[in-house]
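Structural overview
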Amino acid sequence: MWIGLQCDIEDEGEAAPRTTVIDTAIIKAPPGKGCPRCGGVVFAAEQVLAKGREWHRKCYKCHDCTKTLDSIIACDGPDKDVYCKTCYGKKWGPHGYGFACGSGFLQTDGLTEEEISASRPFYNPDTTAIKAPAGQGCPRCGGMVFAAEQQLAKGTMWHKKCFNCAECHRPLDSMLACDGPDKEIHCRSCYSKLFGPKGFGFGHTPTLVSTNGDHAPSYIDAKPQVGQKRTDGHGCARCGYPVYAAEQMISKNRLWHKRCFSCAECHRSLDSTNLNDAPDGDIYCRGCYNRNFGPKGVGFGMGAGTLTMA
């Protein structure tokens, strides 16, 4: 038995399908209302908008390289035509090194050296070229500070170029800048050298800083030694001098200086995690508290297995 398929379509051979070329300019539009490229009527199914003007999709191409355009790469030229970004840069953009087809591309288009030099953007690094009224400009140079280049420090405006350390000229930011008593700005290191406490352990830690080379620096004792001791019980529990809010530490409703807030025996600095209030009214670290007031015998004191003798 013979089984076959029957097709009603006649064999037309290997002829390629015919391509219909549509001429968009067949139906002319009134002057100023049609497609800017061909002048034909633009219907809704084929229109592309650019700056309020209607284009055929077929006509919406770069005027020079005929590259198909979209809203990302289309550029409207001064001649009321459309270009891609590359052709727009070549024809209408600035000329010279670093312009036109991308940074590093030299596009001169027959220009002379004088014309190329004249077309380069001019940058004047002199921040004092435009003087500001007294007290309103940059504190370093006195020039006018514009919004694109300003840096703020304590309500004063600085140029980005001027916002550096007055000593080492290191560029500063909000984390590094320190306002000095001389109304200048310094980095942390230079500020410590100029205005910080002097002596071993201060200044450029752990460097030994000395302002006078004739003698060795002396250690500055920060324990308060000025004023009268409080007799009403409101002073520091260790030294008796007044305690101000910026330096106070609190333990069982008693005030202490930060420097005095240490173990009465080993002088270790204390905090809320290792503080122990003793029956004698003083404060101790855990180890010293156990040695002085903890239970005695084997397994007590400084740890299990240690024999602590009173």
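Just above sits the structure.
Residues numbered from 1 in each chain as written. Predicted model: local features only at pLDDT ≥ 70, side-chain atom pairs only at ≥ 80, totals over all residues. Heavy atoms only, no water.

Side note on the pairing of strand β8 (residues 156–159)
Our working definition: Paired strands, as defined in this entry, are two strands with at least two bridges between them according to DSSP. Secondary structure counts use DSSP, requiring at least four H or I residues in a row for a helix and at least two E residues in a row for a strand, with both numbered from the N terminus.
Sheet analysis places strand β7 (residues 150–153) next to β8, joined by 4 bridges and oriented antiparallel. The residue of β8 that forms the bridge with Gln 151 is Trp 158. Between β7 and β8, which pair antiparallel and follow one another directly, the connecting turn spans 2 residues, one of which, Lys 154, has a positive phi of 55°.

Quick notes on the packing of aromatic side chains
Definition in use: Aromatic rings from Phe, Tyr and Trp, taking only the six-membered ring of Trp, are treated as a pair when their centres fall within 6.5 Å; an angle between ring planes under 30 degrees marks them as stacked, one over 60 as edge-to-face, and anything in between as tilted. Think of it in three bands: residues with accessible area under 20% of the maximum for their type are buried, residues over 50% are exposed, and the middle band is partly exposed, with areas taken using a 1.4 Å probe on protein chains only.
On inspection of all chains with the given rule, the structure shows 6 aromatic pairs. Relative to Phe 293, the ring of Tyr 289 lies with its centre 5.5 Å away and its plane at 45°, an arrangement referred to as tilted. Linking Tyr 289 with Phe 293, this pair stays in helix α4 (residues 286–293), spanning 4 residues, or about one helical turn. Under the relative-accessibility criterion, Phe 293 is labelled partly exposed at 32%. Connected via pairs of aromatic rings, a cluster forms that spans Tyr 284, Tyr 289 and Phe 293.

Structural notes on a nonpolar patch on the surface
Heads up, the rule is: Patch definition: residues above 30% relative accessible area lacking any salt bridge, with like charges linked at up to 9 Å and the nonpolar side chains Val, Leu, Ile, Met, Phe, Trp and Tyr linked at up to 5 Å. The Shrake-Rupley method, run with a 1.4 Å probe sphere, supplies the accessible areas, and residue values consider only the shown protein chains as cover. Every case where a carboxyl oxygen of Asp or Glu lies within 4 Å of a side-chain nitrogen of Lys or Arg is listed as a salt bridge.
Taken together, the side chains of Ile 26, Ile 27 and Phe 43 make up a nonpolar region of the molecular surface, amounting to roughly 330 Å² of accessible area. Within the element layout of this structure, Ile 26 appears in the segment before β1 (47–50).

Side note on the pattern of salt bridges
A pair can form between side chains of opposite charge whenever their charged atoms are brought close. A complete count under the given rule lists 5 salt bridges for this structure. The salt bridge partner of Arg 53 is Asp 76, with a shortest N-O separation of 3.8 Å. In this pair, Arg 53 sits in strand β2 (residues 53–56) while Asp 76 sits in strand β3 (residues 75–76), placing the two residues 23 residues apart along the sequence. On the accessibility criterion, Asp 76 (26% relative accessible area) is partly exposed. Close ionic contact of Arg 254 with Asp 277 constitutes a salt bridge, the shortest N to O distance being 3.9 Å. With Arg 254 in strand β12 (residues 254–257) and Asp 277 in strand β13 (residues 276–277), this residue pair connects regions lying 23 residues apart in the sequence. For Asp 277, a relative accessible area of 22% puts it in the partly exposed group.

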